[in-house]
2 protein chains.
Amino acid sequence: MGKLLIVGTVAFDAIETPFGKTDKILGGAATFIGLAASQFRVKSAIVSVVGEDFPQDYLNLLTEKNIDISGLQVIKGGKTFFWSGKYHNDLNSRDTLSTELNVLADFTPVVPNNFKDADVLMLGNLHPDTQLSVINQMEERPKLIVLDTMNFWMDHALEALKEVIKHIDVITINDEEARQLTGEHSLVRAAEKIHVMGPKFVVIKKGEHGALLFHKSKVFFAPALPLEEVFDPTGAGDTFAGGFTGYLAESENISFNNLKSAVIHGSNLASFCVERFGTERMEKLEKKEVNNRLLQFKELTQFDIELQ
Amino acid sequence: MGKLLIVGTVAFDAIETPFGKTDKILGGAATFIGLAASQFRVKSAIVSVVGEDFPQDYLNLLTEKNIDISGLQVIKGGKTFFWSGKYHNDLNSRDTLSTELNVLADFTPVVPNNFKDADVLMLGNLHPDTQLSVINQMEERPKLIVLDTMNFWMDHALEALKEVIKHIDVITINDEEARQLTGEHSLVRAAEKIHVMGPKFVVIKKGEHGALLFHKSKVFFAPALPLEEVFDPTGAGDTFAGGFTGYLAESENISFNNLKSAVIHGSNLASFCVERFGTERMEKLEKKEVNNRLLQFKELTQFDIELQ
């Protein structure tokens, strides 16, 4: 059993989709990553920050999932990071209605001593300087460092982003962000350019169109499971990252073949996440459901062809 | 070796992409379907129409590929169907610059006697009444009838389209067309509704995002091969259909498992088609290249996961 250190936001979200809307509910990249990773036999910890307004129930939920929250700072008198957004009818795009950084504005991550030797470090979407400061706190270099980011940092902190990207093994990024980062429309070429920037592995997420894993000249593709209905895409990318890193921390094998399996596990868990608002589906997800859907992934993609 | 009857346009195309433009070159749905199907051991024939302006060289090309063109009418004094279009920068959308129906306006298909017992009938995109008239000319019902269509007929001949759809086994349609035909955004639900309209098998083409094959509650997904560069998407959907039906006519097996393989063969051939303008790449495509790329498809999609 490996150790997985997760850095990212723990937050309140308020979400509106064509199917309904929520008040403030539990959200944040680290939350979704942690819940997804809890499906695997790993020792995991979250490094993050919340305000005094953060409910004890939410903290209990994380500890019940065996997530170490000794690195989750609770700021007295502070307010928890809040995001609200509204999805368009096709659920492929959204407008941010409000972003209140609150305690996140002054967040300085502190890695607990017992996780400075983590095997896998998952850097959720945050300021690249914050992500880098976590790498620098590790006692020894993790076997695998995975970074998620977004276009906002390409617009506002590109040099810092390029710096942290030098130090990581895997980047997870969506297709438009890969194009923005590299100026290449072809995702094959974009991945080639990102390889040169540092990461040995490049994961390009295409939402409902699946995910691509690039490693040197090799490429692997995992579809998203075709669903009757996507209810709320919030957290799908982070859930993917949590499944990806959770599986790798458990299996302690970072071969390309095992990363393929990790991409499937990530896609599989993301397919559950989008079935309900926020973290609702992931909180109660059972191993049996996960395994059944992995079989669906096999049926969806596996074929026999004899060459002539 | 099965018999494959192909109905569709044989045409002139003039194409503009971000990478260049062509004068009038060989195009048309039946042309692309026939060239793709010629990669398989099948007896194939094209039913179509051209004008007197259609070059003998193009006719020779088709016969050299062992395509029977006795059902390809050459209208004296007539002009061949002409389409010109310009692709946008992302190559996912295009504007039609010009459509000159010419001899296609009065086309009445006549199935040659020696193909009235075809095993597989591929109805390329044409007026639904024209497609239906071909079905009605068959001596016995083909083992498999595959139909391709487009949004234009949904706008202008919906009832006729619904009528022909009742009589077919497989429909190939793109994602937006599937949504338009059914009013369902979810492709899973769209496929369910199309099943009810007639076809046992529904293939939904998503361009660079691959293709889905639905059959009752089963679903299979074939990705598009990630390419460094897509040069010209013209004919990719028809090439897919030609690979799909060519493989099925050769193998004479219409089980779901074999249709999966057919989808992979179709996707594989389409990946070549887009590498050059028009039919250029397909005209000289060799079996060895085809087989090598099938191996790439396997590597792209196949994985091992052990359930715990």
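Please read these numbers as outputs of a predicted model, since none were measured by experiment.

(A) Just the relation of the copies chain A and chain B, in detail. Each copy of the sequence occupies a distinct position, and chain A is placed on chain B by a rotation of 180° and an axial shift of 0.0 Å, giving an RMSD of 0.0 Å. Here the transformation between the copies is reduced to the relation of a two-fold axis. A share of 100% of interface residues in chain A that are also interface residues in chain B marks the association as one of identical surfaces.

(B) Looking closely at the packing of helix 9 (residues 256–273) of chain A against helix 11 (residues 287–301) of chain A. Residues and elements named next belong to chain A. Relative orientation of the contacting elements helix 9 and helix 11 amounts to 115°, with a least axis distance of 10 Å. The chirality of how helix 9 crosses helix 11 is right-handed. From helix 9, Ile264, His265, Ser267, Asn268, Leu269, Ser271 and Phe272 reach across to helix 11, where they touch Glu289, Val290, Arg293, Leu294 and Phe297. In terms of residue class, the contact of helix 9 with helix 11 is made up of 6 nonpolar, 4 polar and 2 charged.

(C) Layout of the sheet that holds strand 14 (residues 218–222) of chain A. Residues and elements named next belong to chain A. The strand order 6-5-1-9-10-11-12-13-14 describes an open sheet built from 9 strands, whose pairing is mixed. Lying at the two open borders of the sheet, with one neighbouring strand each, are strand 6 (67–75) and strand 14. On average, adjacent strands in this sheet sit at an angle of 15° to one another, irrespective of strand direction. One ladder, built from 5 bridges, connects strand 1 (residues 3–7) with strand 5 (residues 43–51); its direction is parallel. Across the sheet, the residue bridging to Lys3 is Lys43, located in strand 5. Helix-sheet contacts for helix 8 (residues 236–251) involve strand 1, strand 9 (120–123), strand 10 (144–148), strand 11 (170–174), strand 12 (201–205) and strand 13 (211–215), and the interaxial angle to strand 9 is about 170°.

(D) How the structure looks around the packing of aromatic side chains. All chains considered together, the criterion is met by 19 aromatic pairs over all chains. Members of the aromatic cluster, joined through ring pairs, are Phe12, Phe54 and Tyr58 of chain A. Lys287 of chain A extends its terminal NZ or CZ atom over the ring of Phe40 of chain A, reaching a point 5.4 Å from the ring centre. Directly above the aromatic system of Phe82 of chain B lies the positively charged group of Lys24 of chain B, at a separation of 4.7 Å from the ring centroid.

(E) Up close: the pattern of salt bridges. Scanning the entire structure with this criterion turns up 31 salt bridges over all chains. Its salt-bridge partner being Asp119 of chain A, residue Lys143 of chain A comes within 2.5 Å of it at the nearest N-O pair. One end of the pair, Lys143 of chain A, is in the loop between helix 3 (128–137) and strand 10; the other, Asp119 of chain A, is in the loop between strand 8 (94–100) and strand 9, with 24 residues separating them in the sequence. The exposure class assigned to Asp119 of chain A is buried, which follows from its relative accessible area of 14%. For Glu229 of chain B, the salt bridge identified is with Arg189 of chain A, shortest N-O distance 3.1 Å. With Glu229 of chain B in the loop between strand 14 (218–222) and helix 8 (236–251) and Arg189 of chain A in helix 7 (residues 187–197), this pair bridges two chains.

(F) Up close: helix 11 of chain A. Compared with the 21 Å implied by 1.5 Å per residue over 15 residues, the 21 Å span of helix 11 of chain A between its first and last C-alpha is a close match. Of the residues making up helix 11 of chain A, those classed as buried are Val290, Asn291, Arg293, Leu294, Phe297, Leu300 and Thr301 of chain A. Looking down the long axis of helix 11 of chain A, one finds its buried residues gathered within 170° of arc, a one-sided arrangement. Structural note: helix 11 of chain A exposes Lys288 and Glu299 of chain A on the side pointing more than 90 degrees away from its buried face. Contacts made by the buried residues of helix 11 of chain A are with helix 9 of chain A together with strand 14 and helix 11 (287–301) of chain B.

(G) Quick peek at the UniProt feature "domain: Carbohydrate kinase PfkB" (unreviewed entry) in chain A. The UniProt entry lists residues 21–281 of chain A under the feature "domain: Carbohydrate kinase PfkB" (unreviewed entry), expressed in the numbering used here. For the annotated span residues 21–281 of chain A, helix accounts for 37% and strand for 25% of the residues, and the straight-line distance between the end C-alpha atoms is 16 Å.

(H) Quick peek at helix 8 of chain A. Residues and elements named next belong to chain A. Spanning 16 residues, helix 8 covers 22 Å between terminal C-alpha atoms, matching the ideal 22 Å at 1.5 Å per step. Counting buried residues in helix 8 gives 14 out of 16 residues, a clear majority hidden from the surface. Once helix 8 finishes, Glu252 follows within two positions and takes phi at roughly 50°, a positive value.

(I) The sheet that holds strand 5 (residues 43–51) of chain B, seen in detail. All names here are of chain B. Pairing is mixed across the open sheet formed by 9 strands, whose spatial order is 6-5-1-9-10-11-12-13-14. With partners counted over all chains shown, the strands left at the sheet margins are strand 6 (67–75) and strand 14, one partner each. Between one strand axis and the next, the sheet turns through 15° on average, direction left out of account. With 5 bridges connecting them, strand 13 (residues 211–215) and strand 14 associate as antiparallel partners. Directly across from Leu212, in strand 14, lies its bridge partner Phe221. Across the face of the sheet, helix 6 (residues 175–182) comes into contact with strand 11 (170–174) and strand 12 (201–205) while running at roughly 110° to strand 11.

(J) View of the pairing of strand 6 of chain A. Residues and elements named next belong to chain A. Strand direction decides the pairing type here: strand 5 and strand 6, joined by 7 bridges, are parallel. Pairing of Val49 across the sheet is with Gln73, part of strand 6. Between the parallel elements strand 5 and strand 6, the chain passes through helix 2 (residues 56–64) in a crossover that is right-handed.

(K) Region of the structure containing the pairing of strand 10 (residues 144–148) of chain B. Residue and element names in this part refer to chain B. Most of strand 10 is tucked away: 5 of the 5 residues are buried. In strand 10, alternate side chains face the same way, and those of Leu144, Val146 and Asp148 on one face and Ile145 and Leu147 on the other are all buried. Examined bridge by bridge, strand 9 (residues 120–123) and strand 10 share 4 bridges and lie parallel to one another. The partner of Val120 across the bridge, within strand 10, is Leu144.

(L) Geometry of the interface of chain A and chain B. At the interface, 40 residues of chain A touch 40 residues of chain B. Summing both sides of the interface, chain A and chain B together bury roughly 3900 Å²; the carbon and sulfur share of this comes to 52%. For the interface between chain A and chain B, the tally reads 5 salt bridges. Our enumeration of links across chain A and chain B arrives at 21 residue pairs in polar contact (both at pLDDT 80 or more). Where the side of chain A that touches chain B is concerned, the elements lending two or more residues are helix 7, strand 14, helix 9 and helix 11 of chain A. Among the elements that make up the side of chain A that touches chain B, the one with the highest residue count is helix 11 of chain A (9 residues). In terms of residue class, the side of chain A that touches chain B is made up of 16 nonpolar, 9 polar and 15 charged.

(M) Structural detail: the nonpolar core. Core analysis: the biggest nonpolar cluster contains 222 residues, and Leu5 of chain A together with Leu5 of chain B have the highest contact counts within it. Excluding residues within four positions of it along the chain, Leu5 of chain B makes contact with Ala45, Val47, Val111, Phe115, Ala118, Val120, Leu121, Met122, Val134 and Met138 of chain B.

(N) Looking closely at the packing of helix 1 (residues 29–37) of chain A against helix 8 of chain A. Residues and elements named next belong to chain A. Across the interface, helix 1 lies against helix 8 with an axial gap of 7 Å and an inter-helix angle of 45°. As summarised for this structure, helix 1 and helix 8 are arranged oblique, according to the angle between their axes. Relative to helix 8, helix 1 is oriented so that their crossing is right-handed. Where helix 1 abuts helix 8, its residues Ala29, Phe32, Ile33, Ala36 and Ala37 lie against Asp238, Thr239, Ala241, Gly242, Gly243, Thr245 and Gly246. Here the residues of the contact of helix 1 with helix 8 sort into 6 nonpolar, 5 polar and 1 charged.

Quick notes on the rules
Residues numbered from 1 in each chain as written. Chains lettered and ligands numbered in written order. Predicted model: local features only at pLDDT ≥ 70, side-chain atom pairs only at ≥ 80, totals over all residues. Heavy atoms only, no water. Least-squares fit on C-alpha atoms with pLDDT ≥ 70 in both. Contact = heavy atoms within 4.5 Å. Axes fitted to C-alpha atoms, helices over the stretch in contact; angles between N-to-C directions. Helix = DSSP H or I, 4+ residues; strand = E, 2+ residues; numbered from the N terminus. Left-handed = near helix turned anticlockwise from the far one by under 90°. Nonpolar A, V, L, I, M, F, W, Y, C, P; charged D, E, K, R; others polar. Pairing = 2+ DSSP bridges. Phe/Tyr/Trp six-rings, centres within 6.5 Å; stacked < 30°, edge-to-face > 60°. Lys NZ or Arg CZ within 6 Å of the ring centre and 35° of its normal. Salt bridge = Lys/Arg side-chain N within 4 Å of Asp/Glu carboxyl O. Buried < 20%, exposed > 50% of the residue type's maximum accessible area, 1.4 Å probe, protein only. Expected span 1.5 Å × (residues − 1). Arc of directions from axis to C-beta. UniProt positions renumbered as here; feature names shortened; annotations may be inferred. Right-handed = clockwise from strand over helix to strand, strands pointing away. Buried area = accessible area lost by both parts, 1.4 Å probe. Polar contact = N/O pair within 3.5 Å; in protein donor to acceptor, adjacent residues only side chain to side chain. Core = buried A, V, L, I, M, F, W, Y, C linked by side-chain atoms within 4.5 Å. Parallel < 35°, antiparallel > 145°, perpendicular 65-115°, else oblique.

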